[in-house]
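Okay, here's what each chain looks like letter by letter:
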Amino acid sequence: MAEIWEVLTTVLVGFLILDFLKLLWSSRNYPPGPLPLPLIGGLWRIGTKLSEDAFTKLSKQYGDIYTVWLWHQPVVVISGFHAVKESLINCSQDFADRPLSSFLLKICKGKGISFSNGHNWKEQRRFTINALRMLGLGKTAMESKLEEVAHQLVETFARAKEQPIDPLPSINNSICNMICLLSFGFRLPPEDAKFQMILEYVNNYSKFGGSTFLLFYELFPWLVKHLPGPHQKIQASVQIGMSIVKEESEKHSQDLALRQPEDFLDLYLLQIEKKQSDPNSTFDHENMAVCIMEFFVAGTESTGSFLQWALLLMVTYPDIQDKVYREMETVLGSSDSICYEDRWKLPYTQAVLHEILRSKYVLIGTPRRTVNNVNVCGLSIPKGTLIFVDFRSVLLDPKQWESPEEFNPNHFLDKEGNFMKREGFLPFGAGARVCVAENLARMESFLLFTNLLRSFKLQLPEGVKELNQEPLVGLALHPKPFKLCAVPRCRSS
Ligand code: HEM
């Protein structure tokens, strides 16, 4: 018996040594990074639970471009403004692909925008940008509908009658409803069964997206896909999402020939019709459904977390909150409504919104894959390498920002108090894959934030001294659950 153990131990040790040598040999083709160990690669430096500043620590030691091995999979991390600009902006097409992992292929099937590549991605992305431009910008019918959602959020806060409320559910309802408006042309009451299903879909997706379980799924898909777990829930949610889009698309097609297109679904159905004789067209019902479901996940998580941070910071910095309020009062006077165009007259408010997104960046990073062999900042990265872009490090880059760790709206104001754009402000990504809905996200955030701040003074509940600013790491970086009191403002009008 003892001999068997000896043989097994020798085989195991031999296997580990061989694996280690193989890793060392492969790692010479990639930028340097933590020593890859057998079985765990470079995970010993990160751990299984991702912390907010895990990558900051690594870039301090290995530089702006470094490799972390996930077992046998090298991941090149790009951080800091200079390296991100050199790679994503100056070599945009070389970094245009997304890695399509087992899980993503199962869920998105290479369709939609975020997790598709090549011809499909280009067509869907180009069409979506144009469609959003047509629907979302300028003083359009869509903007007034979004304003109505903002007013509803104000009403929800008012109903709390100054008692402590958790802002998250009502913020998520508002944002999800904005995406409903954009996609389907209507909004739904929060208690509606369909609306609840959409919210559950988004919730399941986000929880799974940030979980350790996903990492196991990606490393051992052949095993994990047969086990019970949150991935089974996601697949059921995706089916529900698909059926909601299918049901709406049938309703929209009925009278589309008789009216003007009013939402994304209308525009997409017309595009399918227009392109039906083109054999290379990627416009079909499945792509349409994946694009719309992506809007719900990408839009709700990011904008929702951003607004949660916005409210938390306004409660934490009451003097900044008051300054925003006073600026709006001075500029807009007795006018009840506020529209997106007003942002040009509100430099301080604009600076505060930008600073919230900079200092509390909501996404931990985004995955890319190199399309070609590429050389950046003197380091070569082979074709097909998985890339992780640490945008957070750009927004906290000490070479770009005077006080990166501080919440300081002056980062976006010149000496005269005018709003000023900053080159290092890349919360929506950069290059070929930059967020398709940046303008929409800015409009939604502006309308929800300004309407709330014009209507209420936000403050800590009695007995609470301060709010925790440690983020919860998931698909996005959320604040920990918190409550605030919304005290109605007595406006001068
Ligand atoms: C505050 C709000 C938002 C932030 C901070 C944000 C940020 C981002 C970032 C960083 C990326 C990745 C860019 C890259 O890889 O370089 C991205 C991509 C994307 N975002 Fe957003 N986003 C926001 C809102 C939205 C909304 C409201 C929607 C949809 C309605 C949306 C849809 C998308 C899509 C579809 C992509 C994938 C683009 C592609 O792969 O070509 N985002 N976003």
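Residues numbered from 1 in each chain as written. Predicted model: local features only at pLDDT ≥ 70, side-chain atom pairs only at ≥ 80, totals over all residues. Heavy atoms only, no water.

Caption draft 1: Structural detail: empty space enclosed by the protein. Summed over the entire model, instances satisfying the criterion amount to one cavity of 30 Å³ or more. Empty space within the largest cavity amounts to approximately 70 Å³. In terms of lining residues, the largest cavity is bounded by Phe184, Met197, Ile198, Tyr201, Ile240, Gly241, Ile244, Val245, Ile292, Met293 and Phe296. Contributing elements (two or more residues each) for the lining of the largest cavity: α8 (193-209), α11 (230-255) and α13 (285-316). Here the lining of the largest cavity takes four residues from α11, the largest share from any one element. For the lining of the largest cavity, the residue count by class is 10 nonpolar, one polar and no charged. (1 Å grid on protein atoms, 1.4 Å probe; cavity = no way out; pocket = protein on both sides within 12 Å on 5 of 7 lines; lining within 4 Å. Points joined across faces, edges and corners; volume = space filled by probe spheres on them. Helix = DSSP H or I, 4+ residues; strand = E, 2+ residues; numbered from the N terminus. Nonpolar A, V, L, I, M, F, W, Y, C, P; charged D, E, K, R; others polar.)

Caption draft 2: Summary view of the sheet that holds strand β3 (residues 366-369). Strand order in the open sheet formed by four strands is β1-β2-β6-β3, and the pairing between neighbours is mixed. One side of each edge strand has no neighbouring strand; the edge strands of this open sheet are β1 (65-70) and β3. The mean inter-strand angle of the sheet, taken between neighbouring strand axes irrespective of direction, is 30 degrees. Summarising the sheet, strand β2 (residues 73-79) and strand β6 (residues 386-390) pair through five bridges and their orientation is parallel. Within β6, the position partnered with valine 76 by the bridge is isoleucine 387. Against the sheet, helix α2 (residues 54-62) engages β1, β2 and β6, with an angle of about 120 degrees to β1. (Pairing = 2+ DSSP bridges. Axes fitted to C-alpha atoms, helices over the stretch in contact; angles between N-to-C directions. Contact = heavy atoms within 4.5 Å.)

Caption draft 3: Fine view of the pairing of β1. A large share of β1 lies buried, amounting to five of its six residues. Relative to β2, β1 runs antiparallel, the two being bridged by six bridges. By the bridge assignment for β2, threonine 67 is matched with valine 76. The turn linking β1 back onto β2 is made up of two residues, and tryptophan 71 within it adopts a positive phi angle of 55 degrees. (Buried < 20%, exposed > 50% of the residue type's maximum accessible area, 1.4 Å probe, protein only.)

Caption draft 4: Focus on the confidence of the model for the protein. With 95% of its residues at a pLDDT of 70 or more, the protein has an overall mean of 88. Confidence, expressed as mean pLDDT per element, reaches its minimum in the protein at helix α9 (residues 212-219) with 73 and its maximum at helix α15 (residues 347-359) with 97. (pLDDT = per-residue confidence, 0-100.)

Caption draft 5: Seen up close, the site of the ligand. Neighbouring the ligand are 26 residues; Arg98, Arg125, Arg368, Arg433 and Cys435 lie closest to it. Side-chain polar atom of arginine 368 to an oxygen atom of the ligand: 2.5 Å apart, as the coordinates give it. The contact in question runs from an oxygen atom of the ligand to an N or O atom on the side chain of arginine 433, over 2.9 Å. If you list the elements that add at least two residues to the shell around the ligand, you get α5 (118-136), α13, β3 and α17 (438-455). For the shell around the ligand, the element with the most residues is α13, which contributes six residues. Classifying every residue of the shell around the ligand by side-chain character gives 15 nonpolar, six polar and five charged. Residue-level mapping places the shell around the ligand at the junction of two domains, with at least three residues from each of domain 1 (1-109 + 364-395) and domain 2 (110-361 + 396-488). (Near = heavy atom within 4 Å. Polar contact = N/O pair within 3.5 Å; in protein donor to acceptor, adjacent residues only side chain to side chain. Domains from an automatic or database assignment.)

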